[in-house]
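What follows is each chain in one-letter form.
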Amino acid sequence: MAIGASKLGQMALAKETVWGTAPTFPNPAPGLVITSEDFSPDVGIEVFQEISGSMQDRRTGRGVEQWKGTIEFPLEIGGQGVGGVGELLSSVFGTDTVSGIADPYLHTLTVLEATEISSYSLWFDRDVGYYQLQGFRPSSVSISVDRGSSSIPVSINGIAQQEVSSTTKVVGYSTELPMTPQMAGVTVDGVTVDGWEKVDVEFSRELEAINALTGNDYIGLLLSKTFTAKLSASGVFGTTKLDDVVRSAYRNRTPMAIVITIQISANRSIVMTFPKVQLDSFKGPKLSGSDIVRADFTGIILKPDTGNNKVEIKNSRVSSYTA
């Protein structure tokens, strides 16, 4: 048996029509370039505390199997026949409305007020065998923009129903430029900020596994419950929209409208719009020797009074991620 090497592995994904039922993957399969993945089975082994004339444990019981794990990759715009961040963001949000009759197509992701949202089958070539995780739903999608970095990392946490053995696939990958922090910009209440150095956004859906009495060794349902979104940022104090105006908004509990734009070109972009962000912490301005005065803060993204929290993705994908 050959010794595997991580860089020789690969990943593809495809949306399921029925949760837990693997779809027929296209050929080539939609590939997603990842930096790491880590899925492990949780089978719930528990020792029976039996009185049997011995001080030693004798038998164990086994719970229902779950596959919990993470995927990490640099921010990808995605497109027709290839994977991208929209695949997994659309699952957390639940609704993807497509507009446009030719490339570029605009995908508008908004929150679905339901527990049954889209799921995916994930295929892995781990260079030591082929594996397929079925019934995967993300519990969180985190995007981190740092002007001091050369890429925008994305981290996905989630749960899958089961793992099965698979076979080799031909995988296709995006040829788009990678998205980098230099392509990012932020506005607060319609005004462009100029001193923010970092901004992180996390979208999450609480997952609840239902272990129905079906006689199967895996979970029977995987429901997505409360949608939450959080934001954290830091930068130079005294710059546009990172000054006493923002600090006062925190102290007075005044919500702000924040828009984060990451744009490769006019036809390739991701725009995150949050009309009502309530800051729940603000630290600074902080003095330290002769260092530049900085501040950092976090905010909760609330349901707006008008409009929607949404993510708009322009790419070449003609179909909805969720239908």
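Conventions and cut-offs
Residues numbered from 1 in each chain as written. Predicted model: local features only at pLDDT ≥ 70, side-chain atom pairs only at ≥ 80, totals over all residues. Heavy atoms only, no water. Buried < 20%, exposed > 50% of the residue type's maximum accessible area, 1.4 Å probe, protein only. Helix = DSSP H or I, 4+ residues; strand = E, 2+ residues; numbered from the N terminus. Pairing = 2+ DSSP bridges. Salt bridge = Lys/Arg side-chain N within 4 Å of Asp/Glu carboxyl O. 1 Å grid on protein atoms, 1.4 Å probe; cavity = no way out; pocket = protein on both sides within 12 Å on 5 of 7 lines; lining within 4 Å. Points joined across faces, edges and corners; volume = space filled by probe spheres on them. Nonpolar A, V, L, I, M, F, W, Y, C, P; charged D, E, K, R; others polar. Core = buried A, V, L, I, M, F, W, Y, C linked by side-chain atoms within 4.5 Å. Contact = heavy atoms within 4.5 Å.

### A word on helix α1 (residues 85–93)
Counted residue by residue, α1 has 9 buried out of 9 residues, so it is predominantly covered. Taken as a whole, α1 has its buried residues at Val-85, Gly-86, Glu-87, Leu-88, Leu-89, Ser-90, Ser-91, Val-92 and Phe-93. Looking one or two places after α1, you find Gly-94, whose phi comes out positive at around 105°.

### Observations concerning the pairing of strand β16 (residues 196–210)
Sheet analysis places strand β10 (residues 130–146) next to β16, joined by 7 bridges and oriented antiparallel. Looking at the pairing, Val-141 lines up with Phe-203 of β16. Relative to strand β17 (residues 221–236), β16 runs antiparallel, the two being bridged by 13 bridges. The partner of Val-201 across the bridge, within β17, is Leu-231.

### Some thoughts on the pattern of salt bridges
Following the criterion strictly, the structure yields 17 salt bridges and no others. Among the salt bridges present, the one from Arg-137 reaches Glu-116, with a minimum N-O distance of 3.2 Å. With Arg-137 in strand β10 and Glu-116 in the loop between β8 (105–111) and β9 (120–125), this pair connects stretches of sequence that are 21 residues apart. Using a relative accessible area of 43% as the deciding quantity, one classes Glu-116 as partly exposed. Salt-bridge contacts for Arg-126 lead to Glu-163; the nearest nitrogen and oxygen are separated by 3.6 Å. You can see Arg-126 sitting in the loop between β9 and β10 and its partner Glu-163 sitting in strand β12 (residues 162–165), a full 37 residues away along the chain. One network of salt bridges, in which partners are shared, links Glu-37, Arg-126 and Glu-163.

### Quick look at the pairing of strand β20 (residues 294–301)
Side chains Ala-295, Phe-297, Gly-299 and Ile-301 project from β20 onto a buried face, and the interleaved Arg-294, Asp-296, Thr-298 and Ile-300 project onto a face without burial. As paired strands, β17 and β20 are joined by 7 bridges and run antiparallel to one another. Following the sheet pairing, Lys-230 is matched in β20 by Ile-300. Pairing of strand β19 (residues 268–286) with β20, which is carried by 7 bridges, proceeds in the antiparallel orientation. Note that in β20 the partner of Lys-286 across the bridge is Arg-294.

### Re the layout of surface pockets
The computed volume of the largest pocket comes to approximately 330 Å³. Together, 16 residues line the largest pocket, and Ser-6, Lys-7, Gly-9, Gln-10 and Ile-34 are the ones closest to its centre. The set of elements that each furnish at least two residues to the lining of the largest pocket consists of β1 (10–15), β3 (36–42) and β9. Considering only residue class, the lining of the largest pocket consists of 7 nonpolar, 5 polar and 4 charged.

### Describing the nonpolar core
Core analysis: the biggest nonpolar cluster contains 58 residues, and Leu-122, Trp-196 and Phe-203 have the highest contact counts within it. Element by element, the count of residues in this core is highest for β19, at 6 residues. Leu-122 has contacts with Met-11, Ala-12, Leu-13, Phe-39, Ile-71, Tyr-131, Gln-132, Leu-133 and Phe-136, leaving out every residue within four places of it along the chain. Counting residues in each nonpolar core, the second largest holds 6 residues, with Ala-12, Ala-14, Ala-29 and Val-171 among its members.

The quantities given are spatial measurements derived from coordinates; they are silent on function.
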